[in-house]
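Inside the fold
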Amino acid sequence: MSVQLNKYFKYGLVILLSMALILFTQQIKLLKDPASTPVEWMTIMGLLTLWLFSMIGVLLSDLMKKTPIKILQEFPMLGWVAVTSLFLCMFFDFFVEAIGYVDFLAITTPILTFAGISVVDRLVDLRKTSWKVGIVAVFVFTGTYVGSALLSELGLFLANK
Amino acid sequence: MKRNYVILLVFALIVITAAEMIGTQSLSFGAFSISLLPLAFAILITMILGLPVIRKGFLKKIYSKANVQFSSKYLIFIMLPLMARYGADVAPQLREILNVGWVFIAQELGNLGTVLFGLPVALLIGLRREAIGATLGLGREGELAYISEKYTLESKEGQGVLSLYIIGTLFGTIFFSLIAPIMLDIGFRVEALAMASGVGSASMMTASSATLIERVPEMESTILGYAAASQLLTSFLGTFTMVFLAVPLQRFLYNKLTKTKKQPEVPADVRAAE
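None of these values were measured; they are calculated from a predicted model.

So, on to the overall build of chain B. Helices and strands together make up the secondary structure of chain B, namely 14 helices and 2 strands. Relative to the globule expectation of 19 Å for 274 residues, the C-alpha radius of gyration of chain B, 20 Å, shows essentially globular dimensions. Dimensions along the principal axes, computed over C-alpha positions, put chain B at roughly 60 × 50 × 40 Å. For chain B, the proportion of its 274 residues judged to be buried stands at 58%. Taking the intrachain contacts of chain B between residues at least 6 apart in sequence as the baseline, contacts between residues at least 24 apart amount to 70%. For chain B, the exposed surface amounts to about 11600 Å²; the carbon and sulfur share of it is 67%. With 23 positive and 18 negative side-chain charges, chain B shows a separation of 9 Å between the mean positions of the two kinds.

See the structure below:
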């Protein structure tokens, strides 16, 4: 049990670190462009809300791994956090308002910073991939994006939106 | 050990500051204009400084084994607040989204574009069994799991999906921040592109939707709501789309295309396997 608690304590701290980085980024954005999203008390409330939803999502994801239903077991943790947030935001407008005080792009820069650091040791693996797959990748990525965009465009047209 | 993490944190703060100070840079090429956001600079800076040629001296300390491991192990937790934010973007628009819910479901089929666009090209340039792994989907965890279960990762199919996984991890974000504005310039509606952004990888979806917001800021809430809703749907339906639609479609196309050409196994195939 104490191992369990320890694990969640660690996750909680990492998510808290993420919050601190978001706050930092939002402040830097403000220095660069005074017209961007201000840092206010509500920003702190918004960050705390994001932290709370993340933690609930983590717990939910672990709980669902114990259910016998495969699709629930395999649904990713990132998805559970989004579902948690979606559900709670539907019932409490306060959450939506508070989260709105957190600049969207300020959330993204720290993530991509750590994403970049996390992949550097895979750069050498590129040598193992053939240039042919590199070419194919461009078509694969374009394919899914253009495919979905064409169907969405058609669908929205038919829905008269 | 602790000092190690402090160095990592300070480095992250410096990179964030640099990326934010560079800000958003727009480049125009004729009718097309692309914008690189701070998030793109953040990943570019950290990747370039981490290149083995450049990673010398103090940089080696920053990119220590422990720090790189920390980043990849906890990246998913650092990303969680972003997912929580997406929930708040979908909630106020849920009614509107459900109104066109069938469009969201229909565009999931667009993910078959990986097979339709990718497979012919892959076969054309001489890939064979690698093409199965490299075009089944975006090459994220779902495809990786399926291919490794069916063919193992040591097989040629496995090499295909692994290569795509590595390429996507390294360049996916950059790619989607470039393609989104280009599609906008071609004339696609921003709502359609927002829906298309939910490709199944959180960072690629974020790159695409953030770039769209940069171009059409007054639609921010719609873009985020649509992209996040489509992403959630992909997480739910992705496996089904792959197993029941992408796999049969791929098999059909593969047999059809390799038969009509009657090409013998090309030696390039063997070389690629090395």
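Below, the discussion takes up the UniProt feature "transmembrane region" (unreviewed entry) in chain A. Residues and elements named next belong to chain A. Taken from the UniProt record, the annotation "transmembrane region" (unreviewed entry) applies to residues 12–29, 41–63, 75–95, 101–121 and 133–159. Regarding residues 12–29, the helix share stands at 100% and the strand share at 0%, and the terminal C-alpha atoms are separated by 26 Å. Helix makes up 96% of residues 133–159 and strand 0%, and the two end C-alpha atoms of the span are 38 Å apart.

Moving on to the domain arrangement of chain A. Looking at chain A, the domain boundaries give domain 1 (2–125) and domain 2 (129–161). Centre-to-centre separation of domain 1 of chain A and domain 2 of chain A, based on C-alpha positions: 28 Å.

Before going further, it helps to examine the pattern of salt bridges. Residue and element names in this part refer to chain B. For the coordinates displayed, the defined rule picks out 9 salt bridges over all chains. Notably, a salt bridge pairs R129 with E157, separated by 3.0 Å at the nearest N-O pair. Here E157 lies in helix 10 (residues 156–186) and R129 lies in helix 8 (residues 129–135), a separation of 28 residues in the sequence. With relative accessibility at 39%, the residue R129 sits in the partly exposed group.

Reports often express the size of an interface as the amount of accessible area lost when the parts come together. Residue and element names in this part refer to chain B. Taken domain by domain, chain B comprises domain 1 (1–80) and domain 2 (98–274). The distance between the C-alpha centroids of domain 1 and domain 2 comes to 25 Å. Taken together, the contact pairs 14 residues of domain 1 with 17 residues of domain 2. Together, the buried faces of domain 1 and domain 2 total about 1200 Å²; carbon and sulfur atoms form 75% of this surface. One can count 0 salt bridges joining domain 1 with domain 2. Where domain 1 packs against domain 2, one counts 2 residue pairs in polar contact (both at pLDDT 80 or more). Elements with a contribution of two residues or more to the side of domain 1 that touches domain 2: strand 2 (32–36) and helix 2 (38–49). Residues belonging to the side of domain 1 that touches domain 2 are distributed by class as follows: 11 nonpolar, 3 polar and no charged.

Next up on the list: the interface of chain B and chain A. Tallying the contact residues gives 111 residues for chain B and 87 residues for chain A. Where chain B abuts chain A, roughly 8900 Å² becomes buried across the two surfaces, and 81% of that area is made up of carbon and sulfur atoms. In this assembly, chain B and chain A are joined by 2 salt bridges. Residues D121 of chain A and R55 of chain B are paired through a salt bridge, measuring 3.1 Å at the closest nitrogen-oxygen approach. In terms of residue count, the dominant contributor to the side of chain B that touches chain A is helix 4 (residues 65–90) of chain B (21 residues). Here the residues of the side of chain B that touches chain A are counted per class, giving 78 nonpolar, 26 polar and 7 charged.

The next thing to look at is the side chain of Q250 of chain B. Residue and element names in this part refer to chain B. Locating Q250 in the fold gives a position in helix 13 (residues 220–261). Residue classification places Q250 among the buried residues on the basis of a relative accessible area of 4%. Once you skip the residues sitting within four places of it in the chain, Q250 turns out to touch V115, L119, A131, I132, T135 and L136.

Let's shift gears to the packing of aromatic side chains. Overall, the coordinates contain 19 aromatic pairs over all chains when judged by the stated rule. With centroids separated by 4.0 Å and ring planes inclined at 20 degrees, the aromatic side chains of Y11 of chain A and F77 of chain B adopt a geometry described as stacked. With Y11 of chain A in helix 1 (residues 2–32) and F77 of chain B in helix 4, this pair bridges two chains. A residue is classified by how much of its surface remains accessible, and Y11 of chain A, at 16% relative accessible area, is buried. Note on F87 of chain A and F91 of chain A: the rings are 5.1 Å apart at their centroids and 65 degrees apart in plane angle, and the pair reads as edge-to-face. Of this pair, F87 of chain A and F91 of chain A both sit in helix 4 (residues 77–91), 4 residues apart, which is roughly one turn of the helix. On the basis of relative accessibility, which here comes to 48%, the residue F87 of chain A falls in the partly exposed class.

Procedures and definitions
Residues numbered from 1 in each chain as written. Chains lettered and ligands numbered in written order. Predicted model: local features only at pLDDT ≥ 70, side-chain atom pairs only at ≥ 80, totals over all residues. Heavy atoms only, no water. Helix = DSSP H or I, 4+ residues; strand = E, 2+ residues; numbered from the N terminus. Rg over C-alpha atoms; globule rule 2.2 N^0.38 Å. Buried < 20%, exposed > 50% of the residue type's maximum accessible area, 1.4 Å probe, protein only. Contact = heavy atoms within 4.5 Å. Areas by Shrake-Rupley, 256 points an atom, 1.4 Å probe, with all protein chains shown as cover. Lys, Arg positive; Asp, Glu negative; His and termini not counted. Charge placed at Lys NZ, Arg CZ, Asp CG, Glu CD. UniProt positions renumbered as here; feature names shortened; annotations may be inferred. Domains from an automatic or database assignment. Salt bridge = Lys/Arg side-chain N within 4 Å of Asp/Glu carboxyl O. Buried area = accessible area lost by both parts, 1.4 Å probe. Polar contact = N/O pair within 3.5 Å; in protein donor to acceptor, adjacent residues only side chain to side chain. Nonpolar A, V, L, I, M, F, W, Y, C, P; charged D, E, K, R; others polar. Phe/Tyr/Trp six-rings, centres within 6.5 Å; stacked < 30°, edge-to-face > 60°.

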